[in-house]
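Analysis of the macromolecular model
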Amino acid sequence: MCGIVGYIGEKQAQPILLSCLEKLEYRGYDSCGVAVAADGIKVFKDATRVKALGKSLPKFGGTSGIGHTRWATHGAPSQVNAHPHLDCSGKIAVVHNGVVRNYQKLKEQLISEGHNFVSDTDTEVIPHLIEKHYSGNLEEATEIALNEIEGSYAIIVLAAAGNELVIARKDSPLVVALGDRENFIASDVPAILDYTDRVIYLEDGDIGVVSQNGVRIKRNGIEARCEEHKVLWSMEDAQKSGYEHFMIKEIHEQPGVIRNTLGEFTRDSEGSVDLLEMKERALESMLLVSCGTSYYASLIGKFIFEELLNISARAEIASEFNYHNHILPGTTAIAITQSGETADTLKAMKKLKETGCRVIAITNVVGSSVSRIANQTIYTRAGPEISVAATKSFMAQLMVLYWLAMSYSKAETRKLASLLMEMRQLPSKVQQVLDDEAKIIDYAKSLAKYENAFFIGRGINMAVALEGALKLKEISYLHAEGFAAGEIKHGPFALLGSNTPVIAIASQDNTYEAMLTSIKEIKARGAPVIAVAEEGDEDIVEVADSVISVPKVDTLFSPVVNIVALQLLAYYTARERGCSIDFPRNLAKSVTVE
Ligand code: G6P
């Protein structure tokens, strides 16, 4: 939550900061601001998006500066609460991602010592604390200030001299990107892809100084030799490339995402699955923890593990899991999080580790916080996902779950080889759904006129119904609820009528007949039904009002084709309603608060 950037080099800092900030808006976008060292510190900020700020911003010279895009936690989104925040003298500016838990106490103390506060934020105590401890060395003053702070932070400090930026992190992400006689700092890699592919991932507790020609990082009190990494994502990955929105680009990238994952984890020539290195350890029980869309991937994962491994698997919402304690000894835990920074998931992982569980993390972001907690991290190959609504990262999570389950499975080799063969066809099956998008656009146009919608699914597709509803509500603001189809008659039926369309996933498996019955019962209450069904299914045409046809696949893989149809339905419904698709109101892609 919140994105921060810093630049120091030979070029004008202001346009660079703005372009980096725009790439971080998925972290929060209710207000933003920049500060540049140009004859003192010049700050410009407002409760607006980065593009709009750039248009109204007077041009400041200056070759070093910091920037921030906010998702409000303390204090409403407003100009005064936007970052950067200044000390009393106006000579120290700070951008911050995180939460200062003890800010009230610190603020009262600082006020009693004569400091003047202007905002409602927790962050504002940081520049004042640095000012209080400053006696000529900015890094030293920052270190003393941070020792007084309880909570999480990634910060960049700019002083009026502008010859260095002081940086530090604890429980919030921060990377330093290395250029030629210029250096960058950012919450996340997409911000700097236009400028360089060389990065250093900071660790918790690191504090350092970045200047035009160098980076010095102190780790555990001593100067650290930080490893430089080459970023594998390209500049094009973080651009719309002719698509109207990132979301539709990312939906269309899914065949490639599946191919990349398969390439990563399977050996083509032998037609077998590459085994995970700790396969020898028998899996007794499995616990999946996650939030949001990743939780729905976990529900599908639970189904896959139970089916292929014949073990008991639990999928838990991380924020709920954190408040109850029942963990079976010998449990292997899998934490799924596209951002790698979700506070509730990180907390659950820490708890699992404390109780002796082995934790495998599945994430899309290299160097993110989960990798520092997990025993083993598996990176999904989705590439940068900019749209707040997760699509291709969900697909990549599913692919890793299939691979993991197949890797641990004791099923006969022939069965696994046949599943693998099916998996290899998934990119073209997904492409088929994408190629049929014109029909979905028509359905979306009529769905856009309603204010409520239900999604129902059974078996492995119950989670797809939940995810389909989430996609629709988060980007189109249409109220949507997902249900296990069997549950809809236990309450939700009271809301059915001609104004409540129901999207029913009717896969050709042992749940099919029951789904047909559910659809008939719904139709009897006058609700219009859009079915997502296998191509060639003639029975469904008889009962549903409209049918989105998807290619035939093994039941285990049916979520893959079904979810793409629902992603397209959500996208085109939101587009029809004129919504801000990539950056829905009040949401953020990386949720670093509990
Ligand atoms: C936010 C995002 C969702 C995401 C959820 C969990 O709400 O907008 O798309 O599913 O966080 O995020 P994670 O990074 O843990 O998968």
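Just so it is clear, the model here is predicted, and its values are computed rather than measured. (Residues numbered from 1 in each chain as written. Predicted model: local features only at pLDDT ≥ 70, side-chain atom pairs only at ≥ 80, totals over all residues. Heavy atoms only, no water.)

1. Brief notes about the layout of surface pockets
What counts, and what does not: Here a cavity denotes grid points, spaced 1 Å and computed from the protein atoms alone, that fit a 1.4 Å probe unable to get out, and a pocket denotes an open set having protein on both sides within 12 Å along at least 5 of 7 lines; residues with an atom within 4 Å of a point are the lining. Grid points are joined across faces, edges and corners, and a volume is the space filled by probe spheres set on the points. Secondary structure is summarised from DSSP: a helix means a run of H or I of at least four residues, a strand means a run of E of at least two, and numbering begins at the N terminus for each. Amino acid classes used here: Ala, Val, Leu, Ile, Met, Phe, Trp, Tyr, Cys and Pro are nonpolar; Asp, Glu, Lys and Arg are charged; the rest, including Gly, are polar. The domain boundaries here were taken from an automatic or database domain assignment.
Estimates place the volume of the largest pocket at around 590 Å³. If you trace the largest pocket, you find 26 residues lining it, with Cys291, Gly292, Thr293, Ala588 and Val591 closest to the centre. Broken down by secondary-structure element, the contributors of at least two residues to the lining of the largest pocket are helix H8 (292-309), strand E20 (331-337), helix H10 (343-354) and helix H15 (462-476). Among the elements that take part in the lining of the largest pocket, H8 stands out by supplying five residues, more than any other. Here the residues of the lining of the largest pocket are counted per class, giving 14 nonpolar, eight polar and four charged. Within this model, the second largest pocket holds a volume of roughly 470 Å³. Around the second largest pocket, the lining is made up of 23 residues, and of these Leu232, Trp233, Arg381, Gly383 and Pro384 lie nearest the centre. Of all elements in the fold, only strand E15 (229-230) and helix H7 (254-265) reach the threshold of two or more residues within the lining of the second largest pocket. The element best represented in the lining of the second largest pocket is H7, accounting for three residues. In terms of residue class, the lining of the second largest pocket is built from eleven nonpolar, six polar and six charged. The residues that make up the lining of the second largest pocket include at least three from each of domain 1 (3-237) and domain 2 (241-411).

2. Considerations on the pattern of salt bridges
Where we set the bar: The term salt bridge refers to a side-chain nitrogen of Lys or Arg lying within 4 Å of a carboxyl oxygen of Asp or Glu.
According to the stated counting rule, one finds 26 salt bridges in the structure shown. Measuring nitrogen to oxygen at the nearest pair gives 2.7 Å for the salt bridge that ties Asp204 to Arg169. Of this pair, Asp204 sits in the loop between strand E11 (198-201) and strand E12 (207-210) while Arg169 sits in strand E8 (residues 165-170), placing them 35 residues apart in sequence. As a salt-bridge pair, Asp197 and Lys230 come within 2.6 Å of each other at their nearest N and O atoms.

3. A closer look at the site of the ligand
Under the convention used in this document: Being near a molecule or strand, for a residue, comes down to having at least one heavy atom within 4 Å of it. Definition of a polar contact: a pair of N or O atoms within 3.5 Å, with one able to donate and the other able to accept a hydrogen when the atoms are protein atoms, and with sequence-neighbouring residues admitted only if both atoms are side-chain atoms. A pocket or cavity is taken to hold a molecule when more than half of that molecule's atoms are within 2 Å of the pocket's grid points.
Inspection of the region around the ligand gives 13 residues, with Ser294, Thr337, Gln338, Ser339 and Thr342 positioned closest. In this structure, Val388 approaches the ligand through a main-chain N or O atom, which is 3.4 Å from an oxygen atom. Here the ligand occupies the largest pocket. The greatest single-element share of the shell around the ligand, amounting to three residues, is contributed by H8. The class makeup of the residues in the shell around the ligand is five nonpolar, seven polar and one charged.

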